[in-house]
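Residues per chain, in single letters:
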Amino acid sequence: MYNAEITKANIMEQAIKLFAEKGFQDTSTADVVQAAGCSKGAFYYHFPSKDALIEETFRFCQDAIEDAAAEGIDELPNVVDKLCRRCYNLTKHALRYPDIARVNAGYCNLPANMAKYGGGFLGCFRHYEVVMSMIEVGLANGELKQMPAELLGEFFAKIATVPYSYVRKDPRYMEDEKFWAGIYDIIRCALAEKP
């Protein structure tokens, strides 16, 4: 029995794998149809074009990343601790779901999106807006260095990309408390009014 939701989810899952592996340009709709084991008609029923598929996979990746980034944040007492947790959460998610991280970064690095999103690993994460609002709160509360919010956001974005490169090479870092204590110290020194 045909189930439209399962078919669409399977198409998305296969598209994410292919986009992560081959890139957006080198992945055809025929590649996705073959990998998903569906008909062209089923593909076009859910996605009127390859561009529509790309946009929807990007939104899916953004939602997955933001959900992971926000995990456990609300229970923390201050902005710096929340930013530290987001860094950990983002790294953990990227390690567990590298294809989602690659699709997100790949989308942001498409020439048409570079100016819009800034590119890179964190460039177009939807959470950037969340981080900026957290920084505004931290500035208003005197928790963060009195610097332009955008600069503090850039500091966080640059620092938050570093752990992933180490954890990807050696996943044991993910559970290394000293490693994370050092990362958190760097975030505090860069952003906190009183590290």
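Okay, so let's go over this structure. (Residues numbered from 1 in each chain as written. Predicted model: local features only at pLDDT ≥ 70, side-chain atom pairs only at ≥ 80, totals over all residues. Heavy atoms only, no water.)

1. Comments concerning the environment of Arg-86
Piece 1. Residue placement: Arg-86 occurs in helix H5 (residues 79–96).
Piece 2. Under the relative-accessibility criterion, Arg-86 is labelled buried at 1%.
Piece 3. Residues in contact with Arg-86, not counting those within four places in the same chain, are Glu-66, Ala-69, Ala-70, Ile-73, His-127, Val-130, Val-131, Met-134 and Phe-156. (Helix = DSSP H or I, 4+ residues; strand = E, 2+ residues; numbered from the N terminus. Buried < 20%, exposed > 50% of the residue type's maximum accessible area, 1.4 Å probe, protein only. Contact = heavy atoms within 4.5 Å.)

2. A look at the side chain of Asn-89
Piece 1. You can see Asn-89 is positioned in helix H5.
Piece 2. Once you skip the residues sitting within four places of it in the chain, Asn-89 turns out to touch Ala-68, Ala-69, Ala-70, Glu-71 and Ile-73.

3. Observations concerning the pattern of salt bridges
Piece 1. Counted under the stated rule, the structure contains seven salt bridges.
Piece 2. Across the pair Lys-17 and Glu-13 runs a salt bridge whose closest N-O atoms are separated by 3.6 Å. With Lys-17 and Glu-13 both in helix H1 (residues 4–22) and four residues apart, the pair spans about one turn of that helix.
Piece 3. Notably, a salt bridge pairs Asp-170 with Arg-172, separated by 2.9 Å at the nearest N-O pair. (Salt bridge = Lys/Arg side-chain N within 4 Å of Asp/Glu carboxyl O.)

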